[in-house]
Number of protein chains: 2
Amino acid sequence: MRDLYYEQLDAIVDDMVTLTGSVRRAVAAATAALLNADAPLAEQVIDGDKVIDETIEGIEERALLLLATQQPVATDLRQLVATLRMLTDLERMGDLSVHVAKVSRLRTPEVAVPTNLQPTIMAMASVADQMIHAASRIVANRDLVAAEKLEDTDDEMDKLRKELFRVLLSDSWSHGVEPAIDLALLGRYYERIGDHAVSMARRVVYLVTGEVPTQD
Amino acid sequence: MRDLYYEQLDAIVDDMVTLTGSVRRAVAAATAALLNADAPLAEQVIDGDKVIDETIEGIEERALLLLATQQPVATDLRQLVATLRMLTDLERMGDLSVHVAKVSRLRTPEVAVPTNLQPTIMAMASVADQMIHAASRIVANRDLVAAEKLEDTDDEMDKLRKELFRVLLSDSWSHGVEPAIDLALLGRYYERIGDHAVSMARRVVYLVTGEVPTQD
């Protein structure tokens, strides 16, 4: 009975790790749609979020069924509850990639990001991608060293957001208010994607050590 | 034994409802700090979020302990899991009020919101407050009619956000890029507070009816 429990729990965690792959692809596709004003790709991200949500609901259902039928206690219970919360993080990352895709769709056929800020947005997307990838490995391997490193990557995201705002607020900004708002919101979306990756990693640290990592 | 279970579950739900009161006060105080450039009040909101977080952690601990010791199944299990998720919604609302307070702090002694947009921000804060209040009553009374009404209130929030952006993007906008970005982000913060209230209500609807309300 217990063996079956761990088998099912492992399958749930595996499926969650696979799902982070879908979320990474959604973020990457949304960014590509944004930087190339690719409306069909933006639509694909927006529609594809339903699939991510359905997958999450399916995993949640299985986790709840496992809770109900196996009634785990102590660490096993915490693991399942942490899994449910990490699924919420992944759902939000999917939603945030939809937000990015919607900015792209709103501005097509123009590119929402002025040329001089495209490298910054690409860097933010790349850092977000690294962070989701790291979170998935941390979940899969309970890798605490990687969890600590993820906090450093988050500092990088913070630097990029500051850089973005420095440009938006400089005297040489010549693109007006609308692109500035788009970019401030885009910066926030990528930052939030990173925050959710950090949140996933912190839940793993808590599971392993029983200590909540210092929140900012 | 079962009686004790429901007693403890009721106490958890009661404490969560009380907590929504703290969250409402945080949103209201952050808005007052914002509109009056009241730095000490902004600091109070920022510091006070720790208390909200600690309260949430305390309630979570009790919910997990109840899960572990009483091992509820079916509806009772779903109720506890829904409670854990609603606590996450409340935590995010607290964080979002901190974001509002930080915009206020960043611009003090100036008021971050130009006079002509103060009524819009006040209206958004007021709608957010109504939505949190409604969510707490929906949680306390499992009131499905109120849950349906909450979706209408959310449409109001949507209209206010559109109105805000119309002003930010109009030719007559004379305040430059920085206040425009502040206001776009502020609009998003209030909107997200409302989203989390809707999310809480939808979890109650799901608990009562077994049906997930249509997501937008």
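Conventions adopted
Residues numbered from 1 in each chain as written. Chains lettered and ligands numbered in written order. Predicted model: local features only at pLDDT ≥ 70, side-chain atom pairs only at ≥ 80, totals over all residues. Heavy atoms only, no water. UniProt positions renumbered as here; feature names shortened; annotations may be inferred. Least-squares fit on C-alpha atoms with pLDDT ≥ 70 in both. Contact = heavy atoms within 4.5 Å. Salt bridge = Lys/Arg side-chain N within 4 Å of Asp/Glu carboxyl O. Polar contact = N/O pair within 3.5 Å; in protein donor to acceptor, adjacent residues only side chain to side chain. Helix = DSSP H or I, 4+ residues; strand = E, 2+ residues; numbered from the N terminus. Phe/Tyr/Trp six-rings, centres within 6.5 Å; stacked < 30°, edge-to-face > 60°. Buried < 20%, exposed > 50% of the residue type's maximum accessible area, 1.4 Å probe, protein only. Lys NZ or Arg CZ within 6 Å of the ring centre and 35° of its normal. Axes fitted to C-alpha atoms, helices over the stretch in contact; angles between N-to-C directions. Parallel < 35°, antiparallel > 145°, perpendicular 65-115°, else oblique. Left-handed = near helix turned anticlockwise from the far one by under 90°. Nonpolar A, V, L, I, M, F, W, Y, C, P; charged D, E, K, R; others polar.

An unreviewed UniProt entry lists chain A under the name Phosphate-specific transport system accessory protein PhoU, with Aeromicrobium alkaliterrae given as the organism. Looking at the Subunit (unreviewed entry) heading of the UniProt record, one finds this comment for chain A: "Homodimer."

Quick question: what am I supposed to make of the relation of the copies chain B and chain A here?
The two chain copies are related to each other by a rotation about an axis together with a translation along it. Of the transformation superimposing chain B on chain A, the axial component is 0.0 Å and the angular component is 180 degrees, with the fit at an RMSD of 0.0 Å. The transformation just described matches what one would write down for a two-fold rotation axis.

How should the interface of chain B and chain A be read in this particular structure?
You'll often see interface size given as the accessible area lost when the parts meet. Taken together, the contact between chain B and chain A spans 32 residues of the former and 32 residues of the latter. Summed over the shared surface of chain B and chain A, the result is 4 salt bridges. Taking the shortest distance from any N to any O, the salt bridge between Glu60 of chain B and Arg85 of chain A comes out at 3.2 Å. Summed over the shared surface of chain B and chain A, the result is 6 residue pairs in polar contact (both at pLDDT 80 or more). For the side of chain B that touches chain A, the element with the highest residue contribution is helix 6 (residues 177-209) of chain B, accounting for 10 residues.

I'm lost on the packing of aromatic side chains in this one. Help?
We describe a pair of aromatic rings using the distance from one ring centre to the other and the angle between the two ring planes. Inspection of the entire model under this criterion finds 2 aromatic pairs over all chains. Ring centres of Tyr5 of chain B and Tyr6 of chain B lie 5.2 Å apart, and the angle between their planes is 75 degrees; this geometry places the pair in the edge-to-face category. Exposure remark for Tyr5 of chain B: the relative accessible area of 0% places this residue in the buried category. Arg161 of chain A extends its terminal NZ or CZ atom over the ring of Phe165 of chain A, reaching a point 5.9 Å from the ring centre.

Looking at this structure, I do not really get the packing of helix 3 (residues 74-107) of chain A against helix 3 (residues 74-107) of chain B. What am I missing?
For any two helices packed against each other, one specifies the crossing angle of their axes together with the interaxial distance. In the contact formed by helix 3 of chain A and helix 3 of chain B, the axes pass within 11 Å of each other and the chain directions differ by 45 degrees. Regarding the angle of helix 3 of chain A to helix 3 of chain B, the classification is oblique. Read as a crossing pair, helix 3 of chain A and helix 3 of chain B show a hand that is right-handed. From helix 3 of chain A, Val81, Leu84, Arg85 and Thr88 of chain A reach across to helix 3 of chain B, where they touch Val81, Leu84, Arg85 and Thr88 of chain B.

Got a minute to help me understand the UniProt feature "domain: PhoU" (unreviewed entry) in chain A in this structure?
UniProt's entry tags residues 23-102 and 122-204 of chain A with the feature "domain: PhoU" (unreviewed entry), counted in the numbering of this structure. Secondary structure across residues 23-102 of chain A comprises 94% helix and 0% strand; the distance between its end C-alpha atoms is 16 Å.

What's the story with the packing of helix 1 (residues 2-36) of chain B against helix 4 (residues 118-141) of chain B in this structure? I'm lost.
Residues and elements named next belong to chain B. Two elements in contact, helix 1 and helix 4, have axes separated by 9 Å at closest approach and are oriented at 175 degrees. It follows from the interaxial angle that helix 1 and helix 4 lie roughly antiparallel. Between helix 1 and helix 4, the residues in contact are Val13, Met16, Val17, Thr20, Val23, Arg24, Val27, Thr31, Leu34 and Leu35 and Gln118, Ile121, Met122, Ala125, Asp129, Ile132, His133, Ser136, Val139 and Ala140, respectively. Among the residues making up the contact of helix 1 with helix 4, the classes are represented as 13 nonpolar, 5 polar and 2 charged.

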